[in-house]
Amino acid sequence: MSPETRMGIITILIYIQILLCIHATETDILCLKSIKDSLEDPYNYLASWNFNNQTEGFICDFVGVNCWHPDENRVLSIDLSNMGLKGQFPRGLDNCTSLTALDLSSNTLGAHLPSDIHALLPFAVSIDLSNNKFSGQIPPSLANCTYLNSLKLDHNMFSGGIPPQLSALPRIQTLSFHNNELSGEVPNLAYGSVSVSYVNNRVLCGGPLKPCSLGGEGGLIFMNQWFKDGLVVGFASSFSFFLVCISFLSNRYWPKLLKWIKHNYNHNKGVELVKHACSIITGRKHGIEADQMPELLSMQLQEKGSQKIALLLERLTSTMKFEELNDATDGFSINNAIGFGKMGIMYKGTLANGWHLAIKKLTDSQRFGRQVLIEIRILGKLRHRNIVPLLGFCLENDERILVYPYFSNGRLSKWLHPLETEVLILTWPQRIKIALGVARALSWLHHSCNLHVVHLNICSQSILLDKNFEPKLSNFGDAKFLNPNNHESLGMPFYIKDGKKDVYDFGNVVFELVTGKLYEELMESSCNNANLSPNPSSFYSAIDEFIIEKGFETEAFMLIKVACECVQPFPEQRPTMFQVYNKMSSIWEEGHEFCCDSNNCAPSDSSATDGDEFVEL
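The following refers to the structure shown. (Residues numbered from 1 in each chain as written. Predicted model: local features only at pLDDT ≥ 70, side-chain atom pairs only at ≥ 80, totals over all residues. Heavy atoms only, no water.)

Details of the overall build of the chain
1) Next: Scanning the chain for helices and strands turns up 15 helices and 23 strands.
2) Next: Counting every position in the chain, which comprises 617 residues, the buried fraction comes to 48%.
3) Next: The long-range fraction of contacts in the chain, counting pairs at least 24 apart against all pairs at least 6 apart in sequence, stands at 59%. (Helix = DSSP H or I, 4+ residues; strand = E, 2+ residues; numbered from the N terminus. Buried < 20%, exposed > 50% of the residue type's maximum accessible area, 1.4 Å probe, protein only. Contact = heavy atoms within 4.5 Å.)

A look at the pattern of salt bridges
1) Next: On inspection of all chains with the given rule, the structure shows ten salt bridges.
2) Next: Put simply, aspartate 116 and arginine 91 hold a salt bridge, and the shortest N to O gap is 2.9 Å. With aspartate 116 in the loop between β5 (108-112) and α2 (117-120) and arginine 91 in the loop between β3 (86-88) and β4 (101-103), this residue pair connects regions lying 25 residues apart in the sequence.
3) Next: Overlapping salt bridges bring together Arg385, Lys433, Arg440 and Glu470 as one network. (Salt bridge = Lys/Arg side-chain N within 4 Å of Asp/Glu carboxyl O.)

Let's talk about a negative patch on the surface
1) Next: A surface patch of like charges, here negative, comprises Glu323, Glu324, Asp327 and Asp330.
2) Next: The topology assignment puts glutamate 324 in helix α7 (residues 322-328). (Patch = residues over 30% accessible without salt bridge, like charges linked within 9 Å, V, L, I, M, F, W, Y side chains within 5 Å. Areas by Shrake-Rupley, 256 points an atom, 1.4 Å probe, with all protein chains shown as cover. Lys, Arg positive; Asp, Glu negative; His and termini not counted. Charge placed at Lys NZ, Arg CZ, Asp CG, Glu CD.)

Focus: the packing of aromatic side chains
1) Next: One pass over the structure, following the stated rule, counts 15 aromatic pairs.
2) Next: Relative to tyrosine 147, the ring of phenylalanine 123 has its centre 6.0 Å away and its plane inclined at 45°; by these criteria the two rings are tilted. Pair noted here: phenylalanine 123 is in the loop between α2 and β6 (126-128) and tyrosine 147 is in the loop between β7 (133-136) and β8 (150-152), with a separation of 24 residues, a long-range link.
3) Next: Taking relative accessible area as the criterion, tyrosine 147 reaches 36% and is therefore assigned partly exposed.
4) Next: Each ring, one from phenylalanine 511 and one from phenylalanine 539, has its centre 5.0 Å from the other, and the planes form 55°; the classification is tilted. Here the residue phenylalanine 511 occupies a position in helix α11 (residues 500-515), and phenylalanine 539 occupies one in the loop between α12 (519-524) and α13 (545-549), the gap between them amounting to 28 residues. (Phe/Tyr/Trp six-rings, centres within 6.5 Å; stacked < 30°, edge-to-face > 60°.)

Let's talk about α11
1) Next: With 16 residues, α11 ought to run about 22 Å at 1.5 Å a step, and its terminal C-alpha atoms sit 23 Å apart, in line with that.
2) Next: Of all 16 residues that make up α11, 15 are buried, and the element is covered over most of its length.
3) Next: Looking one or two residues past α11, glycine 516 carries a phi angle of roughly 85°, positive in sign. (Expected span 1.5 Å × (residues − 1).)

Focus: the sheet that holds strand β18 (residues 401-405)
1) Next: In spatial order, the strands read β14-β15-β16-β18-β17; together these five strands make up an open sheet with antiparallel pairing. For this open sheet the edge positions go to β14 (337-340) and β17 (392-394), each flanked by a neighbour on one side alone. Geometrically, the sheet is characterised by an average inter-axis angle of 25° between neighbouring strands, direction not taken into account.
2) Next: Relative to strand β15 (residues 344-350), β14 is paired through three bridges, and the arrangement is antiparallel. Bridge pairing links phenylalanine 340 to isoleucine 345 in β15.
3) Next: Relative to β18, helix α8 (residues 369-379) is tilted by about 35°, and along the sheet it contacts β16 (356-362), β17 and β18. (Pairing = 2+ DSSP bridges. Axes fitted to C-alpha atoms, helices over the stretch in contact; angles between N-to-C directions.)

Some details on the side chain of glutamine 371
1) Next: Assignment of secondary structure puts glutamine 371 in helix α8.
2) Next: Residues in contact with glutamine 371, not counting those within four places in the same chain, are Met343, Gly477 and Asp478.

Topic: helix α15 (residues 577-588)
Each full turn of the α-helix corresponds to 3.6 residues, which orients residues three or four apart in the same direction.
1) Next: Here α15 spans 16 Å end to end across twelve residues, near enough to the 16 Å set by a 1.5 Å rise per residue.
2) Next: Taken residue by residue, α15 has Met577, Val580, Tyr581, Met584, Ser585 and Trp588 as its buried positions. Across the axial projection of α15, the buried residues extend over an arc of 120°, all falling on one side.
3) Next: Its buried side turned inward, α15 meets α10 (428-447), α11 and α14 (553-566). (Arc of directions from axis to C-beta.)

Let's talk about the environment of lysine 467
1) Next: Structurally, the position occupied by lysine 467 is in the loop between β20 (463-465) and β21 (471-473).
2) Next: With a relative accessible area of 39%, lysine 467 lands in the partly exposed category.
3) Next: Once the C-alpha coordinates of lysine 467 and serine 408 are considered, the two residues, 59 residues apart in sequence, prove to be 6.2 Å apart.

Some remarks on the pairing of β5
1) Next: Sheet topology note: the β3/β5 ladder contains three bridges and is parallel. Directly across from glutamine 88, in β5, lies its bridge partner glycine 110.

Structural notes on the state of the cysteines
1) Next: Scanning the entire structure with this criterion turns up two disulfides.
2) Next: Note on cysteine connectivity: cysteine 31 is disulfide-linked to cysteine 96, with sulfurs 2.0 Å apart. With the S-S bond torsion at -100°, the cross-link from cysteine 31 to cysteine 96 turns out left-handed. A residue pair is termed long-range when its members are at least 10 positions apart, and cysteine 31 in helix α1 (residues 3-38) and cysteine 96 in the loop between β3 and β4 qualify at 65 residues. Each member of the pair cysteine 31 and cysteine 96 is classed as buried.
3) Next: Covalently, cysteine 60 is tied to cysteine 67 through a disulfide, its sulfur atoms 2.2 Å apart. Taking the sign of the torsion about the S-S bond as the criterion, the disulfide between cysteine 60 and cysteine 67, at about -110°, is left-handed. Take cysteine 60 and cysteine 67: they sit in the same class, and that class is buried. (Disulfide = S-S within 2.5 Å.)

Concerning the environment of glycine 369
1) Next: Here glycine 369 shows up in helix α8.
2) Next: Residue class for glycine 369 comes out buried when judged on its relative accessible area of 8%.

Quick word on the sheet that holds strand β23 (residues 495-496)
Strand pairing in a sheet is mediated by backbone hydrogen bonds. Such pairs are either parallel or antiparallel.
1) Next: Reading across the sheet, the three strands line up as β19-β22-β23 and stay open at both edges, with mixed pairing between neighbours. Of all strands in the sheet, those bounded by a partner on one side alone are β19 (453-454) and β23.
2) Next: Looking at chain direction, strand β22 (residues 480-482) and β23 are connected through two bridges and run parallel. In the sheet register, leucine 482 faces β23, and the bridge partner there is isoleucine 496.

Observations regarding the nonpolar core
1) Next: Core analysis: the largest hydrophobic core is formed by 79 residues, its most contacted members being Leu445, Phe506 and Met584.
2) Next: A total of eleven residues in this core trace back to one element, the largest contributor, which is α10.
3) Next: Ignoring sequence-local partners within four residues, the contact set of phenylalanine 506 consists of Ala435, Val438, Ala439, Leu442, Ile458, Cys566, Met577, Val580 and Met584.
4) Next: The next biggest cluster of nonpolar side chains, apart from the first, holds 55 residues, and it includes Leu93, Ala124, Cys145 and Phe177. (Core = buried A, V, L, I, M, F, W, Y, C linked by side-chain atoms within 4.5 Å.)

Looking at the packing of α11 against α14
1) Next: In contact at an axis separation of 8 Å, α11 and α14 are set at 155° when each is read in the N-to-C sense. One way to sum up the angle between α11 and α14 is to call them roughly antiparallel. Viewed along their axes, α11 and α14 form a crossing whose handedness is left-handed. Contact residues: α11 offers Val503, Tyr504, Phe506, Gly507, Val510, Phe511 and Val514, while α14 offers Ala556, Leu559, Ile560, Ala563, Cys564 and Cys566. (Parallel < 35°, antiparallel > 145°, perpendicular 65-115°, else oblique. Left-handed = near helix turned anticlockwise from the far one by under 90°.)

Let's talk about the packing of α14 against α15
1) Next: Following both chains from N to C, one finds α14 and α15 inclined at 170°, their axes separated by 11 Å at the closest point. As the angle between them shows, α14 and α15 are arranged roughly antiparallel. Contacts between α14 and α15 pair Glu555, Met558, Leu559, Val562, Glu565 and Cys566 from the former with Val580, Lys583, Met584, Ile587 and Trp588 from the latter.
2) Next: Taken together, the residues that form the contact of α14 with α15 break down as eight nonpolar, no polar and three charged. (Nonpolar A, V, L, I, M, F, W, Y, C, P; charged D, E, K, R; others polar.)

In structure tokens form, the structure reads like this:
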């Protein structure tokens with residue numbers, strides 16, 4: 001071959017290579033342009049995606065974009081997680097011809113996934129679409145993404161069955177489908193080598209779950225209509241019989257019962273805690289405690305429903321192994337116990353990677369089935385910056401264990417009512433931050449999240465503080481779901497008509513933040529202080545001296561006005577939490593828009609610093 005011919009061939013090869021590079025560059029730029037154009041970006045995270053620059057590798061500086069080489073406009077992976085993005089799955093991804101990883105998790109993306117998603121992501125190794133609002137069926141064509149190692153579709157609204165074709169994925173290692181509306185038989189996977197999560201779906205069966213032996217989409221329908229109707233009828237019958245018994249026995253036994261309750265309510269709280277802790281250690285049964293008396297009627301009415309709840313718990317698949325939690329707490333050593341409560345003991349645990357956890361181990365798996373089910377349903381599904389997330393749970397054998405992040409600053413009550421040996425002071429900006437955070441969380445729970453949750457246990461003991469004093473709502477065991485049409489409050493253990501009790505309880509917390517006392521305590525002492533009355537101006541003298549010394553009494557008085565509106569005696573007189581939060585944020589000009597969806601909120605900070613604290617269960 002002559003030198004001229006050889007040079008000509010080399011020139012042609014170089015020219016072809018240049019053409020290929022130009023094509024790859026043009027398509028990847030087009031890919032990113034189409035993504036930016038197709039998605040709504042309310043927080044301007046994609047503002048750095050400026051396409052006026054035409055230098056090689058300029059897209060590699062875009063937020064969330066990783067390239068194969070920093071000097072080459074060829075996209076390796078895209079990570080747009082937790083950016084508050086809205087819209088549908090971006091079809092322009094097919095122009096990112098070398099894309100291997102896509103993370104769109106924790107946004108507000110919705111609608112159906114493309115049926116030809118495999119053609120858009122042919123070389124994908126990892127796809128994470130979790131914590132969005134995608135709906136419809138999971139595309140069977142995902143089985144054609146043969147390079148997939150990880151597929152995360154949890155915390156969406158997918159329905160129908162899980163495509164059995166996914167069992168043919170040759171490289172799959174992680175699959176997550178939990179917290180959707182899926183039903184039917186699960187794929188026949190190699191469960192020993194593949195990590196799969198199915199919890200909190202409509203009804204799934206087969207594989208590691210219970211056999212599909214009852215027919216029809218797994219046999220059982222979660223809280224279906226016949227169960228609801230039967231529950232109501234059963235409760236109504238039980239309630240009628242209970243009223244007859246009360247009527248017959250009231251004249252003879254009711255005065256003694258009232259005297260007994262009054263006597264028990266005056267017992268020292270510390271003594272009751274010690275007695276309860278001793279009963280846990282010895283395993284001995286004890287009589288009904290005074291604080292359980294208001295729940296007696298509800299417990300009797302829910303007796304039939306408890307068996308159904310037990311069945312639902314049996315169908316859940318643990319997300320954490322008992323052995324792992326046992327190691328994290330040194331065998332649930334008493335030295336790691338950080339709190340005692342009516343449901344059990346809270347332990348501080350440390351994983352092998354150094355993460356600190358708060359691990360709640362229930363002492364009676366039968367008695368607290370409803371609370372466990374509610375916490376898994378709510379905290380396992382919802383994500384909000386001011387709500388404690390449920391990191392996992394273990395339901396092995398008779399064990400009932402719930403796992404949360406560990407927050408080093410502990411309960412709000414610890415800071416408002418420190419021990420005599422402690423010097424704990426909350427600054428006024430911190431108090432405002434806490435009040436706004438709790439109001440934000442309750443407003444979102446009542447009005448914006450899909451479940452519409454009422455907490456029913458708001459107090460300073462149920463508010464945890466992270467290392468930056470960002471408040472986190474916890475203790476959701478008594479929570480219910482809003483149902484304005486529900487008139488059977490005694491007969492329906494999962495529903496409530498409105499959220500006005502949360503509004504009242506929030507007002508109590510605000511009074512505690514400003515004065516150190518609850519509203520009821522302030523009113524009780526009003527007989528000794530003529531200035532204390534329901535009029536907001538009468539509470540001025542009760543403002544914490546520390547707040548006045550720092551010159552924040554005017555702002556404190558404005559917060560008291562908000563609290564007074566919340567503690568109106570009649571529920572219909574109280575504002576909604578949406579109104580409360582909007583009013584507070586407008587006064588203190590908080591630099592956040594109202595969070596209309598959990599996926600727009602930053603995830604809870606689970607980092608920890610030194611220092612133990614007792615956590616109220």
